[in-house]
Amino acid sequence: MYLTRFRVNTARLEGRRLLGSPHRVHGAVNAAFPTSPSRDGAGPRVLWRVDRNGISETLLYIVSPGRPDLTHLVEQAGWPASDEPGWTTFAYTDFLSALHPGDTWGFRLTANPVHNIRPAYVKEGERTKRAAHRTPRHQMRWLLDRQEKAGFEIVRKPEERRLLPQGDEHELVVRDQTPLQFRRPQARAPEKTGRSGDVQITKVTFDGRLRVTDPEVFRRTLTHGLGKAKAYGCGLMTLAPVRGKEEA
């Protein structure tokens with residue numbers, strides 16, 4: 001497994017066009033591999049995420065079973081005249097193998113928190129409709145409901161650090177929420193609404209602190225993704241060392 005970081009040149013028109021469409025990024029990421037990445041669910045898949053860290057830095061992260069070649073992205077949306085290669089790839093397997101129960105990490109996850117609803121016009125027993133969670137409270141609950149089966153637990157705050165009596169029990173924040181609507185050439189996947197070929201998703205980025213409970217299951221979460229719309233930049237969780245004294 002590999003973890004790759006690519007800095008997008010947002011001063012270039014092609015860089016901004018790329019970021020304007022998750023479908024374009026999806027295609028550019030897939031083009032980094034000589035054979036199309038597997039999506040059958042049997043093994044690790046290619047995951048990606050865009051982080052906008054202020055005005056001057058936009059980073060594309062990719063987790064993949066094979067090492068990517070991002071030469072085409074450097075030419076399209078990087079700094080092709082620079083002496084630097086334009087991206088950095090890290091061996092991820094050793095890091096994943098070293099995860100142990102009780103390890104505590106800071107994390108970032110961009111996901112598509114959804115739930116199934118039954119509109120008034122849909123009869124009992126008929127197919128329900130997938131809808132996005134709209135409020136931070138419901139979005140956080142979506143993640144908390146999945147933590148156990150994903151091999152981790154989000155660290156709880158001590159009572160003296162809680163700002164609210166309810167809703168602030170965990171080291172977890174919603175950093176941003178981005179509703180997206182775009183067209184794809186062919187509608188193949190079920191995560192769609194509206195006209196054929198239209199995709200509507202809501203990207204939510206979570207920052208927080210977690211504790212590993214089941215390393216094997218957690219490795220699967222990190223390499224298979226969490227939630228829906230993985231092809232469009234959702235599902236990738238990355239970890240960072242916890243700074244300062246941990247407060248459980």
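Anyway, here's the lowdown on the structure attached to this text.

Rules behind the numbers
Residues numbered from 1 in each chain as written. Predicted model: local features only at pLDDT ≥ 70, side-chain atom pairs only at ≥ 80, totals over all residues. Heavy atoms only, no water. Helix = DSSP H or I, 4+ residues; strand = E, 2+ residues; numbered from the N terminus. Buried < 20%, exposed > 50% of the residue type's maximum accessible area, 1.4 Å probe, protein only. Contact = heavy atoms within 4.5 Å. Areas by Shrake-Rupley, 256 points an atom, 1.4 Å probe, with all protein chains shown as cover. Polar contact = N/O pair within 3.5 Å; in protein donor to acceptor, adjacent residues only side chain to side chain. Pairing = 2+ DSSP bridges. Axes fitted to C-alpha atoms, helices over the stretch in contact; angles between N-to-C directions. Phe/Tyr/Trp six-rings, centres within 6.5 Å; stacked < 30°, edge-to-face > 60°.

### Structural notes on the overall build of the protein
- Helix and strand content of the protein: six helices and 11 strands.
- Burial statistics for the protein: of 248 residues in total, 46% are counted as buried.
- Considering only contacts in the protein between residues 6 or more positions apart, those separated by 24 or more positions represent 70%.
- Total accessible area computed for the protein in this model is approximately 13,900 Å², and 49% of it derives from carbon and sulfur atoms.

### Considerations on the side chain of Thr110
- Positionally, Thr110 belongs in strand E5 (residues 104–111).
- A distance of 2.9 Å separates polar atoms of two side chains, one belonging to Thr110 and the other to Thr205.
- The residues contacting Thr110, other than those within four sequence positions of it, are Arg49, Lys203, Val204, Thr205, Gly233, Cys234, Gly235 and Leu236.

### A short note on the sheet that holds strand E4 (residues 87–91)
- Read from one edge to the other, the open sheet built from four strands follows the order E2-E3-E1-E4, with strand pairing classed as antiparallel. On the outer flanks of this sheet lie strand E2 (47–52) and E4, each paired with one strand and no other. Within this sheet the neighbouring strands show an average axis-to-axis angle of 15°, counted without direction.
- Here five bridges tie strand E1 (residues 2–8) to E4, and the two strands are oriented antiparallel to one another. Bridging from a neighbouring strand, Leu3 pairs with Phe90 of E4.
- Of the strands in this sheet, E2 and strand E3 (58–64) are in contact with helix H2 (residues 22–30), which crosses E2 at around 125°.

### A look at the packing of aromatic side chains
- One pass over the full model with this rule turns up four aromatic pairs.
- On the basis of an interplanar angle of 70° and a centroid distance of 5.2 Å, the ring pair of Phe95 and Trp105 is categorised as edge-to-face. Placement of the pair is Phe95 in helix H4 (residues 93–97) and Trp105 in strand E5, with a sequence separation of 10 residues.
- On the basis of an interplanar angle of 10° and a centroid distance of 6.4 Å, the ring pair of Trp142 and Phe206 is categorised as stacked. Taken together, the positions of Trp142 in helix H5 (residues 136–144) and Phe206 in strand E10 (residues 198–212) put the pair 64 residues apart, joining distant regions of the chain.
- Phe206 gets classed as buried once you look at its relative accessible area, which sits at 0%.
- One aromatic cluster in this structure is built from Tyr92, Phe95 and Trp105.

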